[in-house]
Amino acid sequence: MYCFRREPKLSKSQENFLLEESRKVAALNGKRLGLQDDKDLKFLLRGCHLLKIKSSSWKRERFYKLQEDCKTIWQESKKMLRSPESQLFSIEDIQDVRPGHKTEGMEKYARDVPECRCFSIIFKDQRKNLDLIASSEVDASHWVTGLRKIIDRSNSMNQKQKLKHWIHACLWKADKNKDNKMSFKELKNFLKEINIHIDDSYARQIFEKCDTSQTDTLEDDEIEEFYKILTERNEIDQIFVKHSGGEETMSLGHLERFLREVQHEDGAGPELALSLIERYEPNETVKQGKCMTKDGFLMYLLSADGNIFNKAHTQVYQDMGQPLSHYYISSSHNTYLMEDQLRGPSSTEAYIRALTKGCRCVELDCWDGPNSEPVIYHGYTFTSKILFCDAIKAIKNYAFKTSPYPVIISLENHCSLEQQKTMAYHLHTIFEDMLLVAPIESKTNCFPSPEQLKGKILVKGKKLSPETEEVSDEDEAAEMEDETVKSEVEKKRMSDKLKLAKELSDTVVYCKSVHFQGFSDTTPQAFDEMSSFSEGKALKLAQESGNSFIHHNVGHLSRVYPAGWRTDSSNYNPVDMWNVGCQIVALNFQSKGAEMDIHQGLFQENGFCGYVLKPEFLRDEHSKFNPKSITEGPWWTPKKLQVTVISGQQLPKVNKSKNSIVDPRVMVEIQGVQRDNEKKQTRVIDNNGFNPMWQETFEFEIDVPKLALVRFMVEDFDLSTKNDFIGQFTAPFTSLKQGYRHIHLVTRNGDQYPSATLFVHINILD
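Residues numbered from 1 in each chain as written. Predicted model: local features only at pLDDT ≥ 70, side-chain atom pairs only at ≥ 80, totals over all residues. Heavy atoms only, no water.

**What to know about the overall build of the chain**
Scanning the chain from N- to C-terminus turns up 23 helices and 33 strands. In terms of overall size, the chain behaves like a compact globule, its C-alpha atoms giving a radius of gyration of 29 Å where 766 residues would be expected to give roughly 27 Å. Principal-axis analysis of the C-alpha atoms places the extent of the chain at approximately 95 × 65 × 50 Å. Counting all 766 residues of the chain, 56% fall into the buried class. A separation threshold of at least 6 residues defines the contact pool for the chain, and within that pool the share at least 24 residues apart is 68%. For the chain, the accessible area works out to roughly 33800 Å², and carbon and sulfur atoms hold 49% of it. (Helix = DSSP H or I, 4+ residues; strand = E, 2+ residues; numbered from the N terminus. Rg over C-alpha atoms; globule rule 2.2 N^0.38 Å. Buried < 20%, exposed > 50% of the residue type's maximum accessible area, 1.4 Å probe, protein only. Contact = heavy atoms within 4.5 Å. Areas by Shrake-Rupley, 256 points an atom, 1.4 Å probe, with all protein chains shown as cover.)

Given below as structure tokens:
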């Protein structure tokens, strides 16, 4: 990493030389981003003082500057014990840059500062937002526009450009004296930085091969040569030679055959082959000759066209005109929490993060607050409180930024009549036309479709019957999701009835909360009445009455939520609930782990819109499907999945110790109906996270492929402690592409790593 220790004083000429070298590096990296001579980039590279805000009493001036790698921001710190690394953050870790008063911190502590001088940096992980005030509107604009440009350009780079940019950034980090040359000692540091361990004699051999000037340092073209040796992909060279007929370039005919026979591409004719040459071949002469070089072939394999995830499924491709109950709906539990549900902070930011991650059903636990304003928090705990109206504003602003399809707000109402009326007032005045206040059409026996409800917000909650102004307390207690809250409410119960304000009741149109009375043909539940189930209750019903549960979920919505004992906000596996057609399977979005990986894996399908159409046998009210006992039927379409894990690329260093190198191992796991669940793993590769090679093949038999998800997980093996998670990728089995494919790994938080990939071969047989 960067070194900020006190160095011997430099002469003026040495300082000027290093300054000039630093400018050259910055210019080169700016050029790589396509931002050469950009005024915003130049401003960020110079840096400036900004006012950092944490509370009404904590406001400090700090210096912020973009480093020459154009990937890292350095922030001044007054803390004596802070390590140099802790003063840096990567642009890759930034989720969003918001101008104005768009965070809770800015709303609370910077209301008196003009919005044009304020901006906030939102991070991808659980890190707190960075709220900043510039000394002028111009400075704030440079920061907001400059950071957004760098993020956009970084995201739009192809994989090869990302790799080159990353390697040069690592070289710059390893170049301790910033002379733009690489000594052998610096080279060894660089190899550690990129997560590869090779013995000294081999490192020296490569070093001497590249050091053609024999100066005992590498510079300019020599560094480029070293970079080329380092990034050779022998496994891809072998595939290229085999399928190009041993020629230097791959002809249009050879590429067409490769796409048809190896990649199993639909419609793999000359048009598709030619379009890939046009898109990915960097050599213009070769492109004119309708051929492809090894470079072009690698760029194709690293692109969206060479991805394991079907490119067509990154768009909304499913029928969005079916009833709402025919879809899985991305759903969050205790959405207001940033951490655990005993002492964790509540925040409007949690709603923004969930909605940005494609969530379409959010939860609000509402309680009486001071000054007649309802608040949201986890009742009878030490979690902090937020105003109901602030949560509604955040939902309004972000509801349809990621997806145009409807958002359901699930109200758990503990408020007095007076504050319920305030809730209804806020719902109407803040949401305005977004709030659904009447049925879409006169037909009253089934739900409208997500297409018909585009841009609408639906309220799930209690609704008064025409003949009564009260709902039963027994009913309300049954709907309460947390056992502690339920028992406390029952202790406090003063009467047999709980008052419900008509104004709030009227906001509920299609999602009327009722206590589940069982699967009954004699007194069928109205289609717009929905029940909530704890994970335990839902699992019991799935195991004992799976087929009845499926029939119920064809025409009704079901919401499942985590058990009350999960005070750490951990999650259950959603797959068992999806297998019986439950739509609103709510998870704690603030908690990371395999369960959220699986959730994000399912919902990346269908354009990440938050709605995924259930398989047809879960939409048929006469279906005989039961996930616990698989018999023959339209769901039984057995497949054999053969996965060869070939290699890994640029796996990130998870242990931050300077000398640690990743020892990676890959798990391949099937999640679906119980008989399809299986997990297999590769051997461990010692000391190589840069380009580990496995070449191991696994075979899985899958009976119900339409319910199966495939998860690839990479971990850093450790004999003495728990293995560290490195990255993962999960996708529905039906979204997998065959042939040679790259898997672009994502972080625990669900964000894609810039250059970490697995290279695999996929074969699917009937």
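**Quick word on the side chain of N723**
Looking at the secondary structure, you find N723 in the loop between β30 (709-716) and β31 (724-732). A polar side-chain atom of N723 sits 2.9 Å from the main-chain amide nitrogen of D718. Setting aside chain neighbours within four positions, we find N723 in contact with R665, E715, D716, F717 and D718. (Polar contact = N/O pair within 3.5 Å; in protein donor to acceptor, adjacent residues only side chain to side chain.)

**Here we look at helix α11 (residues 270-280)**
Working note: α-helix, 3.6 residues per turn, so residues spaced by three or four point in the same direction. Those residues of α11 that sit buried are A273, L276, I277 and Y280. One face of α11 carries all of its buried residues, which in axial projection span an arc of 100°. In this structure, the buried side of α11 is in contact with α10 (252-262), α12 (284-288), β11 (291-292) and α13 (294-302). (Arc of directions from axis to C-beta.)

**Here's the deal with the packing of helix α5 (residues 159-174) against helix α6 (residues 184-193)**
At a minimum axis separation of 9 Å, α5 and α6 run at an interaxial angle of 130°. By the angle between their axes, α5 is oblique relative to α6. Relative to α6, α5 is oriented so that their crossing is right-handed. Only E186, N189, F190 and E193 of α6 make contact with α5, whose side of the interface consists of I167, C170, L171, K173 and A174. (Axes fitted to C-alpha atoms, helices over the stretch in contact; angles between N-to-C directions. Parallel < 35°, antiparallel > 145°, perpendicular 65-115°, else oblique. Left-handed = near helix turned anticlockwise from the far one by under 90°.)

**Quick look at the pattern of salt bridges**
Applying the stated rule across the entire model yields 41 salt bridges. Ionic pairing is found between K311 and D305, a salt bridge with its closest N-O pair at 3.2 Å. Its relative accessible area of 14% is what places D305 among the buried residues. Between K502 and D506 there is a salt bridge whose closest N-O contact spans 2.8 Å. Since its relative accessible area comes to 35%, D506 is described here as partly exposed. One salt-bridge network, in which partners are shared between bridges, spans D597, E669, R711 and R748. (Salt bridge = Lys/Arg side-chain N within 4 Å of Asp/Glu carboxyl O.)

**Describing the UniProt feature "domain: PI-PLC Y-box" (unreviewed entry) in the chain**
Sites flagged by UniProt as "domain: PI-PLC Y-box" (unreviewed entry) map to residues 504-619. The distance separating the terminal C-alpha atoms of residues 504-619 is 32 Å; by composition the span is 31% helix and 20% strand. (UniProt positions renumbered as here; feature names shortened; annotations may be inferred.)

**As for the confidence of the model for the chain**
Residues with a pLDDT of 70 or more make up 93% of the chain, whose mean pLDDT is 90. Throughout residues 1-7 the model reports pLDDT below 50, and contacts reaching past four residues in sequence, or to other chains, amount to 16 contacts. A low-confidence stretch, residues 473-478 stays under pLDDT 50, and its non-local contacts, those more than four residues away or across chains, total 15 contacts. (pLDDT = per-residue confidence, 0-100.)

**What about α5?**
Between the first and last C-alpha of α5 there are 23 Å, a value that for 16 residues agrees with the 22 Å anticipated at 1.5 Å per step. With 13 of 16 residues buried, α5 lies mostly within the body of the structure. Of the residues that open α5, the one with a side-chain oxygen 3.0 Å from the backbone nitrogen of K160 is N158. (Expected span 1.5 Å × (residues − 1).)

**Side note on the packing of aromatic side chains**
As enumerated under the stated definition, the model contains 25 aromatic pairs in all. Both rings, one in F447 and one in Y510, keep their centres 6.3 Å apart while their planes meet at 55°; by these two values the pair is tilted. Placement of the pair is F447 in the loop between α16 (417-431) and β18 (457-461) and Y510 in strand β21 (residues 508-513), with a sequence separation of 63 residues. A relative accessible area of 5% places Y510 in the buried class. Every member of this aromatic cluster is reached through a ring pair, and the members are F240, F258, Y280, F297 and Y300. Against the face of F123 rests R127, its NZ or CZ located 4.3 Å from the ring centre. In this structure, R233 is placed above the aromatic ring of F759, and the distance from its NZ or CZ to the ring centre is 5.4 Å. (Phe/Tyr/Trp six-rings, centres within 6.5 Å; stacked < 30°, edge-to-face > 60°. Lys NZ or Arg CZ within 6 Å of the ring centre and 35° of its normal.)

**Here we look at the state of the cysteines**
Enumeration over the complete set of coordinates arrives at 0 disulfides. Left unpaired, C366 is separated from the closest cysteine sulfur, that of C415, by 5.5 Å. In this structure C446 is a free cysteine whose sulfur lies 14 Å from that of C511, the closest cysteine sulfur available. (Disulfide = S-S within 2.5 Å.)

**Here's the deal with the pairing of strand β17 (residues 407-413)**
Summarising burial for β17: 7 of the 7 residues are buried, a large majority. Note that strand β14 (residues 361-367) and β17 share 6 bridges and pair parallel. The partner of C366 across the bridge, within β17, is N413. Pairing between β17 and β18: 4 bridges, direction parallel. When the bridges of β18 are listed, I408 appears paired with L458. (Pairing = 2+ DSSP bridges.)

**Looking at the packing of α10 against α11**
Put simply, α10 and α11 touch, their axes get as near as 9 Å, and they point 110° apart. Taken together, the axes of α10 and α11 are roughly perpendicular relative to one another. From α10, L252, L255, E256 and L259 reach across to α11, where they touch P270, L272, A273, L274, L276 and I277. Residues belonging to the contact of α10 with α11 are distributed by class as follows: 9 nonpolar, no polar and 1 charged. (Nonpolar A, V, L, I, M, F, W, Y, C, P; charged D, E, K, R; others polar.)

**Some words on the UniProt feature "active site" (unreviewed entry) in the chain**
UniProt tags H333 and H378 as "active site" (unreviewed entry). In terms of the greatest pairwise C-alpha distance, the residues named above, spread along 46 residues, form a tight cluster of at most 11.3 Å across. You can see H333 is positioned in the loop between β13 (331-332) and α14 (348-356). Given a relative accessible area of 5%, H333 falls into the buried group. Within the secondary structure layout, H378 lies in the loop between β15 (375-376) and β16 (386-387).

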